[in-house]
Structure formats: structure tokens, C-alpha cells
Amino acid sequence: MATKKKKKGKIVALVLILLLLVAFITGFAFVKGKLNLINYDDGKKEYETIQEGDEDQIDLDLSGLEQVDPQGIPSGEIYKDENVLNVLILGTDERTKDFSDNARSDSMMLLSINKKDHTAKLVSLERGMGVPILEGPYKGQYDWLTHCFRYGGADLVMEEVRECFRVDVDHFVRVNFTSVEYIVDLIGGIDVNLTAEEAVYLNSVPGTNVHEGVSHLDGKTALSYARIREIDSDWQRVKRQQTVVQACADKVKNASVSTLNELLNQILPMIQTNFTQGEIAKLMLIAPEFLGVEFERMTLPAEGTYGGMTGMGGRSMFAPDFAENARILREFLYN
């Protein structure tokens, strides 16, 4: 009798082991299938020049700013914290699903995730700030941060941020104009509180119908909103980009499993990154804890920490006090 019970116990244990194995294999296959959808790229490219007339167009208002000499890279350690992951988010200006080496980084943000506290912070990097070019044919000259992507890809932009602001950033995620439109449409649009001026500007685009106050924006209108600068400034433009990111995060926090699955199927192929599959798999384990997170936000350079200067090609640009901004950024990210 005891032998039969022992044998039966072995069979039950074996069945449980097999069920767990099947569950593991199924789960692994599911995750692996998602990871295979992503565009992996190391962010490096052959350093190149920009032909005259092919520069980005940024109208910066430097009125009231003191003209200062270019600020050199600050000294000191590049700060790291094992609980904090900093990721450079790049929004490039392609209007196709494919990524191009000739694109410009129309938007640059530093996403900082605290894996211990389950908090997230978003830092917009003003694209018109002048930075010293650290590699390539223009090394040693000063140009807009946005041009660094064209000169040396995501890898150069990360190096610029790392060296100028003394924070650890070795990973990037890249989307483009088309990606943003698709993402917003896939989640059913976003709700944004528009000013009267913003509503008038957006309604100047044929087929757009929004109003002052909370309006529902589809992908095309959300992208237009995120790029507005004509009615005020480039500084307000980056705040709008942050608003779109937060609105998207708010929208997906209550999404069903099936909706999230479909979102992953559609969105992941429109993402480029230098994260490895193993690194992303680990991040997937903690991702649910960040659904609908409320971002703390700021923009660099901080108010009162920059002047004006003239850089490459006679371009006007903001001249940050990098040492002071590095201090401000470290305090924001790690305290």
C-alpha cells in the first residue's frame, strides 16, 4: 500500500514538473517572440559631415541672454547608481517605418528609471544647446546637440550627454515620427489640455478639429502638437513632448492583457535600441510596476544656467554652464 502511494506521489510530482516545464517553455517562447520584433543596433555610424544647406533649422530666441564663451566639459566622475537606469530616448525625423542614417534627432530625452523605488524621471535636452563635438571631422568645434546624431549616430549623442553632464547613460531607444503617430493611434488617442493658441494652430492643419481645454488627439495631431514652437518657443515645445509621453503612459496603465499584447506586436518593430535581448527580458519583469507611472520632469539646460554663443556655421546656440547643469541633473536623478 505504501509502495502504491509512493509511486502515485512520484507520478504527481512528475506531472507537476512537466506542467512547469511547459509553462516555462511557453513563456520563454512568448517573450522571445516579442524580443525578435525589435530592431537592434549598436548606435554607431561612420562619422560624417553635413553639407551646406542641409543643416537643421532652429530659430532660437537669444534676446536678453549674455553672450558667453563656449563652456568646456566639466571634470569629475561620471556618476553611477546600480538602482538607476538612464536611457537616452531619441525621436528622429523620418516619416517612414524604416530608420535612416541621415535622420536628425528632433527630440532628445533622458529617461531615468529607479528600479528600487519604482519611480521614473524625464529630462528633455534642448536641441539647440551648443556642445563640443567629441568625435569625428568636427571634433573640438561647437554645434547644436541635435546635429550630433547626424554626425555620429546615437553613440555620439550618448557620449555628449555622458561627458557634458557627467551621468551614466549607455543605452538608447529610438523612435521616429511615424512611430509616434502609430503608437498614439494604437492606444486609441490621447487627451491633452490645449491652450487657445495651441488649438488655433492645430486647427490650421486641414482635417483637424480640436478646441481649447481637454481635447482628444489622434496620432497625427499629437505629433503636430509635440512639434509646435511657432506660437512661443523651443522651450515650450519640449514641454509639449513631455506631455505627450505622460499622456501615453496614462492611457496604457489600464489596458487589458490582450491590448498590451497587440501594442507590443505593433510597436516593437518600430523601435531601435542597443539593449540586448537579455537586458530587455530583465526589464520586462519589472515593467508592470511602471505602468502609468507619473514622471517627474525637467529640461536642460536649467533656467539661469546658460547664455548665448555662436558656433559652427555661424549658428546661434545656447551656451550652458555644464558644471552647474551636471550638478542640477545629478541632484534631480539621484535624490
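One can find the structure itself at the top, above this paragraph.
A quick note: this is a predicted structure, and the numbers were derived from the prediction, not measured. Counting of residues starts from 1 at the beginning of each chain's written sequence and follows it residue by residue. With the structure being a predicted model, the display of local features is reserved for residues of pLDDT at least 70 and the display and counting of side-chain atom pairs for 80 or more, all residues being used for whole-chain, interface and lining totals. Remark: hydrogens and water are excluded; side-chain values derive from all non-hydrogen atoms of the structure.

### Points about the overall build of the protein
Note the following rule: Elements are defined by DSSP. Helices are runs of H or I of four residues or more, strands are runs of E of two residues or more, and each kind is numbered from the N terminus. Every residue pair with non-hydrogen atoms within 4.5 Å of one another is taken to be in contact. Each accessible area is a Shrake-Rupley estimate made with a 1.4 Å probe; only the visible protein chains count as cover when residues are assessed. Charge counting treats Lys and Arg as positive and Asp and Glu as negative, with His and both chain ends excluded. For charged residues, the charge sits on one atom: NZ in Lys, CZ in Arg, CG in Asp, CD in Glu.
Check the secondary structure of the protein and you find 9 helices and 13 strands. By principal-axis analysis of the C-alpha atoms, the protein measures approximately 95 × 50 × 40 Å. Contacts in the protein between residues at least 24 apart in sequence constitute 74% of all its contacts with a sequence separation of at least 6. Surface summary for the protein: the accessible area is close to 17,100 Å², and the carbon and sulfur share equals 54%. Each charge sign in the protein was given a centre, from 36 positive and 50 negative side chains, and these centres are 15 Å apart.

### What about the nonpolar core?
What counts is decided by this rule: Put simply, a nonpolar core is a bunch of buried Ala, Val, Leu, Ile, Met, Phe, Trp, Tyr and Cys residues held in one set by side-chain atoms that sit within 4.5 Å of each other. Using a 1.4 Å probe on the protein chains alone, a residue whose accessible area is under 20% of its type maximum counts as buried, one over 50% counts as exposed, and one in between counts as partly exposed.
In terms of nonpolar packing, the biggest core is built from 47 residues, with Val-123, Leu-125 and Val-157 touching the most fellow members. Counting residues per element, the ones that place at least two in this core are strand 2 (84-92), strand 3 (105-114), strand 4 (119-125), strand 6 (142-144), helix 2 (145-165), strand 11 (296-300), strand 13 (316-320) and helix 9 (322-334). Sort the elements by how many residues they give to this core and helix 2 lands first, with 11 residues. Beyond its immediate chain neighbours, meaning those up to four positions away, Val-157 contacts Leu-88, Leu-90, Met-108, Leu-145, Cys-148 and Phe-149. If you look at the next biggest cluster of nonpolar residues, it comprises 30 residues, including Leu-35, Val-192, Val-252 and Leu-268.

### Brief notes about the environment of Gly-72
Along the chain, Gly-72 turns up in the loop between strand 1 (39-40) and strand 2. Overall, the relative accessible area of 47% leaves Gly-72 in the partly exposed class. Taking the C-alpha atoms as reference points, Gly-72 and Ala-319, separated by 247 residues in sequence, lie 10.0 Å from one another. Sequence-distant contacts of Gly-72, defined by excluding residues within four places in its chain, comprise Tyr-142 and Phe-322.

### Some details on the state of the cysteines
Rules: Cysteine sulfur atoms that pair up within 2.5 Å are treated as a disulfide.
Taken as a whole and judged by the stated rule, the model has 0 disulfides. Not part of a disulfide, Cys-148 finds its nearest cysteine sulfur in Cys-164, a span of 8.2 Å.

### Looking at the sheet that holds strand 10 (residues 272-273)
Convention followed: Two strands form a pair only when DSSP identifies at least two bridges running between them.
Across the sheet, which stays open at both edges, the 7 strands sit in the order 1-10-7-2-3-4-11 with mixed pairing between neighbours. In this open sheet, the two edge strands, each paired with only one partner strand, are strand 1 and strand 11. As judged from the 6 bridges shared by strand 3 and strand 4, these two strands associate in the antiparallel manner. When the sheet's bridge partners are listed, Leu-111 is paired in strand 4 with Leu-122.

### What about the pattern of salt bridges?
Cut-off, in case you're wondering: By definition, a salt bridge exists where a carboxyl oxygen of Asp or Glu is found within 4 Å of a side-chain nitrogen of Lys or Arg.
Taken as a whole and assessed by the stated rule, the structure comprises 16 salt bridges. Taking the shortest distance from any N to any O, the salt bridge between Asp-106 and Arg-127 comes out at 3.5 Å. With Asp-106 in strand 3 and Arg-127 in the loop between strand 4 and strand 5 (130-132), this residue pair connects regions lying 21 residues apart in the sequence. For Arg-127, a relative accessible area of 3% puts it in the buried group.

### Digging into the packing of aromatic side chains
The line we're drawing: Side-chain rings of Phe, Tyr and Trp (the six-membered ring for Trp) are treated as a pair once their centres are within 6.5 Å; stacked means planes under 30 degrees apart, edge-to-face means over 60, and tilted covers the remaining angles. Counted as over-ring charges are cases with an Arg CZ or a Lys NZ within 6 Å of the ring centre that also lie within 35 degrees of the ring normal.
For the structure on display, the rule yields 6 aromatic pairs. Aromatic ring contacts, followed pair by pair, group Trp-235, Tyr-306 and Phe-318 into a single cluster. The ring of Trp-144 has Arg-315 lying over it, and the distance from NZ or CZ to the ring centre is 5.6 Å.

### Regarding the side chain of Thr-273
Convention followed: Within 3.5 Å is the distance limit for a polar contact, defined as a pair of N or O atoms, with the added protein rule that one can donate a hydrogen and the other accept it, and that residues adjacent in sequence qualify only through two side-chain atoms.
Relative to the elements of secondary structure, Thr-273 occurs in strand 10. Thr-273 gets classed as buried once you look at its relative accessible area, which sits at 3%. In this structure the side chain of Thr-273 is engaged in a polar contact, spanning 3.1 Å, whose partner is the backbone nitrogen of Phe-275. The contacts of Thr-273, once residues within four sequence positions are left out, are Ile-38, Asn-39, Tyr-40, Asp-41, Phe-172, Val-173 and Ile-280.

By themselves, these figures tell us nothing about what the structure is for.
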